[in-house]
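In case you want the letters, here they are:
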Amino acid sequence: QVKLVESGGGLVQPGGSLRLSCAASGSTFSWRSMSWYRQAPGKERELVATITTPDGSTDYVDSVKSRFTISRDNGKNTVYLQMNSLKPEDTALYYCKAVGRSPPLTWDYTFWGQGTQVTVSS
């Protein structure tokens, strides 16, 4: 059974920083990509950042480029989202998503975490 556990959310003032973590259990899986999504009240869930394996390439939504950094620790099956210069519009529930395969199966499985709340307010 795979489980994604997020942590690191909280209340921060505008201009502040937070680092989110998402740890994936399930050692039989080889993770192909890990991503962060967010959903604000009354809005659709949006993709914030993605990191892929094995090249470690990253992609970001325009609104967070130069402020957020996604990274991963392959040995710990953990993905991070460093968020700097936070703005009130970054307030949302942040979700982790992992896509991977479990050999000998040849298709991808997608897993979601339960979400961690980020609130940016003075």
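Residues numbered from 1 in each chain as written. Predicted model: local features only at pLDDT ≥ 70, side-chain atom pairs only at ≥ 80, totals over all residues. Heavy atoms only, no water.

Chemist: Is there a simple way to explain the nonpolar core in this structure?
Modeler: As a rule of thumb, soluble globular proteins bury nonpolar side chains together. With 29 residues, the main nonpolar core has W36, L81, M83 and Y94 as its most contacted residues. Elements with a contribution of two residues or more to this core: β3 (18–24), β4 (30–39), β5 (46–52), β7 (68–73), β8 (78–83), β9 (92–101) and β11 (116–120). (Core = buried A, V, L, I, M, F, W, Y, C linked by side-chain atoms within 4.5 Å. Buried < 20%, exposed > 50% of the residue type's maximum accessible area, 1.4 Å probe, protein only. Helix = DSSP H or I, 4+ residues; strand = E, 2+ residues; numbered from the N terminus.)

Chemist: Help me understand the side chain of R72 in this model?
Modeler: Looking at where R72 falls in the secondary structure, it is placed in strand β7. For R72, which is buried and forms no salt bridge, the nearest opposite charge comes from D73, at a distance of 7.8 Å. A polar side-chain atom of R72 sits 2.4 Å from a polar atom in the side chain of T53. At 2.5 Å, the side chain of R72 forms a polar contact with the side chain of N74. If sequence neighbours within four positions are ignored, R72 has contacts with W31, M34, I51, T53, T78, V79 and Y80. (Lys, Arg positive; Asp, Glu negative; His and termini not counted. Salt bridge = Lys/Arg side-chain N within 4 Å of Asp/Glu carboxyl O. Polar contact = N/O pair within 3.5 Å; in protein donor to acceptor, adjacent residues only side chain to side chain. Contact = heavy atoms within 4.5 Å.)

Chemist: Looking at this model, I keep getting lost on the state of the cysteines. Mind explaining?
Modeler: Should the sulfur atoms of two cysteines be covalently bonded, the bond is a disulfide. Throughout the structure, instances matching the rule amount to one disulfide. With its sulfur 2.1 Å from that of its partner, C22 forms a disulfide with C96. Taking the sign of the torsion about the S-S bond as the criterion, the disulfide between C22 and C96, at about -80°, is left-handed. Here the residue C22 occupies a position in strand β3, and C96 occupies one in strand β9, the gap between them amounting to 74 residues. With respect to burial, C22 and C96 carry one shared label: buried. (Disulfide = S-S within 2.5 Å.)

Chemist: What am I meant to see in the pattern of salt bridges here?
Modeler: Should the charged atoms of two oppositely charged side chains come close, the side chains can pair. Counting across every chain of the model gives six salt bridges. The residue E46 makes a salt bridge to R38 at a minimum N-O spacing of 2.6 Å. E46 gets classed as partly exposed once you look at its relative accessible area, which sits at 28%. Residue classification places R38 among the buried positions, given a relative accessible area of 6%. Between D90 and R38 there is a salt bridge, with the nearest N and O atoms lying 3.0 Å from each other. Of this pair, D90 sits in the loop between β8 and β9 while R38 is found in strand β4, placing the two residues 52 residues apart along the sequence. Classification of D90 as buried rests on a relative accessible area of 1%. One continuous salt-bridge network, built from bridges that share partners, spans R38, E46, R67 and D90.

Nothing here speaks to function; it is geometry throughout.
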